Structures are given as C-alpha cells and as structure tokens.
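Chain by chain, the residues:
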Amino acid sequence: MSRPGLLRLPAQVQDVLLAAFITVMQVQGTAASSSNSTIDFRSLSDFGYLGYALLILSGAVLVFRRRWPVAVFATTAVMSVVYFSAEFPDGPGWLALFIALYTLTAYGDGRRSVRIAAVGIAVLATWWLIVGADVEPREALGWVFFRIGASTMAAALGESIRSRRVIAAEAQQRAEHAERTREEEARRRVDAERLRIARDVHDTVAHAIAIINVQAGVTAHVLDKRPERARDTLVTIEQTSSQALHEMRVILGVLRGSGDEPTREQGLNQLDELAAMAREAELDVKVEVGPIAPDLPVAVDRTAYRILQESITNAIRHAPGARITVGVECRSDVLEIHVADDGGHAGGREDERNAGAEAGAPIARRSNSAAGTGRGIVGMRERCLLLGGELTAGPRAGGGFEVRAHLPLNPAEAVGQ
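The notes below deal with the structure included here. Note on numbering: residues in each chain are counted from 1, in written sequence order. In keeping with the model being predicted, local features are shown solely for residues with a pLDDT of at least 70 and side-chain atom pairs are shown and tallied solely at 80 or more, while totals for entire chains, interfaces and linings include all residues. Side-chain metrics in this entry use all non-hydrogen atoms of the structure; hydrogen atoms and water are not considered.

Working definition: helices are DSSP H or I runs of at least four residues, strands are E runs of at least two. Numbering for both runs from the N terminus. Looking only at helices and strands, the protein has 13 helices and 5 strands in total. Across the 417 residues that make up the protein, the buried fraction comes to 39%. Throughout this description, buried means an accessible area under 20% of the type-specific maximum (1.4 Å probe, protein chains only), exposed means over 50%, and partly exposed covers the range between.

To get an axis, a line is fitted to the C-alpha atoms, and for a helix only the part in contact is used. The angle between two axes follows their N-to-C directions and goes from 0 to 180 degrees. Contact pair helix α4 (residues 69–85) / helix α6 (residues 111–131): the axes reach a minimum separation of 10 Å and the direction vectors enclose 5 degrees. On the basis of the axis angle, α4 is roughly parallel to α6. Along the contact surface, α4 presents Val70, Phe73, Ala77, Ser80, Val81, Phe84 and Ser85, while α6 presents Arg112, Ile116, Gly120, Leu124, Trp127, Trp128 and Val131. Each residue receives one of three labels: charged for Asp, Glu, Lys and Arg, nonpolar for Ala, Val, Leu, Ile, Met, Phe, Trp, Tyr, Cys and Pro, and polar for the others, Gly being one of them. Grouping the constituent residues of the contact of α4 with α6 by class yields 10 nonpolar, 3 polar and 1 charged. Roughly parallel covers angles under 35 degrees, roughly antiparallel covers those over 145, roughly perpendicular covers 65 to 115, and oblique covers all other angles. Whether two residues are in contact is decided by their heavy atoms: any pair within 4.5 Å suffices.

The next thing to look at is the nonpolar core. Counting 37 residues, the largest nonpolar core has Leu308 and Leu335 as the members making the most contacts within it. Of all the elements in the fold, those that place two or more residues in this core are α9 (271–280), α10 (298–318), β2 (323–330), β3 (334–341), α12 (375–386), β4 (390–395) and β5 (401–408). In this structure Leu308 touches Leu268, Leu271, Leu274, Val326, Val328, Ile337 and Val339, once residues within four positions along its chain are discounted. Here the nonpolar core consists of buried residues drawn from Ala, Val, Leu, Ile, Met, Phe, Trp, Tyr and Cys, with membership extended through side-chain atoms lying within 4.5 Å. Leu54, Phe73, Phe88 and Phe98 belong to the second largest nonpolar core, which has 34 residues in total.

Turning our eyes to something else, we now look at helix α5 (residues 95–106). How far a helix is expected to stretch is found by multiplying one less than its residue total by 1.5 Å. Look at α5: 16 Å from first C-alpha to last across 12 residues, which is about the 16 Å you get at 1.5 Å a residue. Of all 12 residues that make up α5, 10 are buried, and the element is covered over most of its length. The complete set of buried residues in α5 reads Ala96, Leu97, Phe98, Ile99, Ala100, Leu101, Thr103, Leu104, Thr105 and Ala106.

Here we take up the packing of α4 against α5. Relative orientation of the contacting elements α4 and α5 amounts to 155 degrees, with a least axis distance of 9 Å. Compared by their axis directions, α4 and α5 come out roughly antiparallel. The element α4 and its partner α5 pack so that their crossing is left-handed. In contact with Pro69, Val70, Val72, Phe73, Thr76, Ala77 and Ser80 of α4, α5 contributes Ala96, Leu97, Ala100, Leu101, Thr103 and Leu104. In terms of residue class, the contact of α4 with α5 is made up of 10 nonpolar, 3 polar and no charged. Crossing handedness: left-handed means the near helix sits turned counterclockwise from the far one by under a right angle, and right-handed means the same turn made clockwise.

Counting buried residues along β3, 6 of its 8 residues qualify, which places the element largely inside the surrounding structure. Any two strands between which DSSP finds at least two bridges are classified as paired. Note: β2 against β3, 7 bridges, orientation antiparallel. Note on β3: the bridge partner recorded for Ile324 is Asp341. In textbook terms, the turn of a hairpin is the stretch between consecutive antiparallel strands, and for β2 and β3 this stretch comprises 3 residues.

In this section: the sheet that holds β4. Read from one edge of the open sheet, 5 strands run β1-β2-β3-β5-β4, paired in mixed fashion. Bordering the open sheet on either side are β1 (284–289) and β4, each of which pairs with just one other strand. Neighbour-to-neighbour, the strand axes of the sheet open up by a mean angle of 5 degrees, direction not taken into account. In terms of strand pairing, β1 meets β2 through 6 bridges, oriented parallel. For Val287, the partnering residue across the bridge sits in β2 and is Val326. Strand contacts of α9: β1 and β2, with the helix running at about 165 degrees to β1, the strand carrying the most contacts.

With that settled, consider empty space enclosed by the protein. Whether a set of points on the 1 Å grid over the protein atoms alone is a cavity depends on a 1.4 Å probe fitting there but being unable to get out, while an open set qualifies as a pocket with protein on both sides within 12 Å along at least five of seven lines; lining residues are those with an atom within 4 Å of a point. Grid points are joined across faces, edges and corners, and a volume is the space filled by probe spheres set on the points. Scanning the model with the defined rule gives 3 cavities of 30 Å³ or more in all. Reported here for the largest cavity is a volume of approximately 90 Å³. Lining of the largest cavity is provided by Leu54, Leu55, Ser58, Thr76, Met79, Ser80, Tyr83, Phe84, Gly93, Trp94, Ala96 and Leu97. A breakdown of the residues in the lining of the largest cavity according to their chemical character gives 8 nonpolar, 4 polar and no charged.

As a further point, take the packing of aromatic side chains. Ring pairs are drawn from Phe, Tyr and Trp, using the six-membered ring of Trp, whenever the two centres fall within 6.5 Å, and their geometry is named by plane angle: stacked under 30 degrees, edge-to-face over 60, tilted for the rest. Going through the model one piece at a time under the given rule, you end up with 7 aromatic pairs. With 6.4 Å between their ring centres and 90 degrees between their planes, Phe47 and Phe88 make a pair best called edge-to-face. A residue pair is termed long-range when its members are at least 10 positions apart, and Phe47 in helix α3 (residues 46–60) and Phe88 in the loop between α4 and α5 qualify at 41 residues. Under the relative-accessibility criterion, Phe47 is labelled exposed at 55%. Considering the side-chain rings of Phe64 and Trp68, the 5.7 Å spacing of their centres and the 35 degrees angle between planes classify their relative orientation as tilted. With a relative accessible area of 36%, Phe64 lands in the partly exposed category.

Shown next, in the form of structure tokens:
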C-alpha cells in the first residue's frame, strides 16, 4: 500500500473526529462571542442549558452524516431554527448546519438531494429573516445574510464535488470499457490471423501432398517399365515440394515477424500453373477465363486463387483421371468462380484409365456427404464469407462434383451491408 493509503483513516473515524471538532468549535466559539458582544442575548444556560444542548447535539449528530445525510440535515436545521428563535447568542453555531448541507449534496443522489437542500435553505432563510427583523443594531442583520449565503455555498460545493466524483467514475468506466474493447479487438485480430494462417497452411500442404501422392504412386508403378515417365514425375514432385516449402517459409516468416523472406503474391495470374500441376496429376483440365479487371482487389484475387487451388486439390485426391472445367468470369460487381469435374468415371480418357489400371490405383469416388464436411470446403466457405460472398459445393446431378463461388469486387462495402 502507498503511504497516503496507510495514513488515511476510515470514514467513520473521520466523522467522529469531525463531529468532536465542530462541537468544540460551536460551544467555545459561541461562548467567547457572547462574552464579547454588546448585544443583549439570552444566556446559553437558560431553559436548563438549552443553548449548550443545541450546540452540542447539532455537532454530535454529524457522526451519522454519511449514513443518513437527509436526517442529519433535517436535525441540524430544526436545531438552528430553535436556537435562533430562542434568541441565544449568535456565533459559529451554524458550522454543523453548513457541513450537513455539504454532505447532503455531496453524498446524495443528485437531483433529489439538490431539491431537498434548496427547499431547506429557502425555509431557513425565511425564518432567519423573520426572527432577525427586529434585531438591534441593524448592522447585526448582516449575520443573517451571511448564514444564507454560506448555506447556499455549502450546498453548491457539495454538488460540485458529487458531480466531479460521478464524472471521474464514468471516465474510469469508459477507460475500462475501452481497455476491454481493445483487448477483445486484439484477441479477435489474433484469432482471425491464426485462422487465416491455418487456411493457408492447409491449402498449401494439402495441394502439394495431393500432387506428390499421385505422382509418387505413378512413379512406383512405372519406374521399371517407363523410366522416362518416372523421371518426369520425379521432377514434378521436386517442383511441387519446392514451391510448397517456399510458401511455408513465407508463412513462418509472417509468424516470426521476419521480412527477410521474399514474398510472392498468389492470385489468378498463377492459374495456369495450377492447371499445369493438375494435368501432371493425370487430370484433364479445361480453363475458361474471361476478362479480369486490372484493379482486382488483392483480397479477392488471393481468395479466388485459394478456392481454385483447394477445388483442384480435392479433384486430385477424390477424382483421379477426372475431367475438370475451371471457369473464372469478372462481372460488373462480382467475380464468379466455377470448378466442376466428372468424378473420374468412364468418361475419362482411355490412356488415363490404362495408366490407372497399370498403376493399380483405384478410382476414388466422393460420397454425397462430402460437401461441407471437410476442412477444405469449410475453409473456402469462410474465405468467401469474410469478403461478403457466398460459396456452394456439392455433387453434380450427372456425376462428379462442383464448386461455385461469388466474390464481390468491393469486399469492404459488402461486409458492411
């Protein structure tokens, strides 16, 4: 604890000490004032020491000023009325009343406390003026106006303190809320970045492993009979693994915060490379690309590439020997992507079926439940939703599988709608 915290007394102890001090000041100050006054006042000992009792009780009641501020103010106000109505000596006997007024507005509930203080001051001022109407000499009437002004100032000071306390509390709450909001936003950004990196790792690794798996299977079965074909497949494996390692180094560089690794933005300009890799994996790929806007947003371009990459990867894994149609068309406000395959059934080319038979590789088929159950399709759909687009994926009526995606060309506006 800090030194001010150690020296700070409990509130109840403070109020006891304050009540004792005010009581002593009122009694001693009034007694001294009456002995030096030229005005003929009633003695404090009259009516069975009523004057002393009123001064002592009005000071002692301040012990409860924080717990019952309205009751303490009412008590001190009534005692003040009785005291001056009995024409006891004027002096510092109003100290307890001023402190009670300050406490009422400082620790009250705002509007209600101010109304009570205003009504109380109005009643007291009226009564003081009535009682002091025949005071002689007339200069002594100044004490009446002093009490009215001091009461108003005490109530105003208390309300000012209360307002500052409320403003400080609200500022503290806003600061805490802003801090929580910043922390939540930071966590959200970290989660979003973690999810983005996970998607990139999934797409990169899945695509590379799918191609390497197909090429390795072909190599294992044609190594002895067709060594030249085995050499080509090994070169494809080398190139695919090299590209995958490069992309993984870039992703790890982002995680480490390193900018040393040169980055290569992936986009639709690499669609021909994707198609070439698919053809090397025994797929018959037909690419139909319409005019692409030169100012295509980077986020849309990258997302389109990842969707095409994942769709072709799925075809390599689940439909070897399939015919694939890849369509990309840029309309006025949306980029449309369409990837469809025939499932790798008997519609495939004769030499591909023979190669598959020679390799002993079974023709894989998708089940109808594949749509939306794999992490790849979920990742594609999440990428689309982040840009305000939509994606559908599922089996085709005539066999095979297709993926359709619509990406808005103004992703920020689409997400904000």
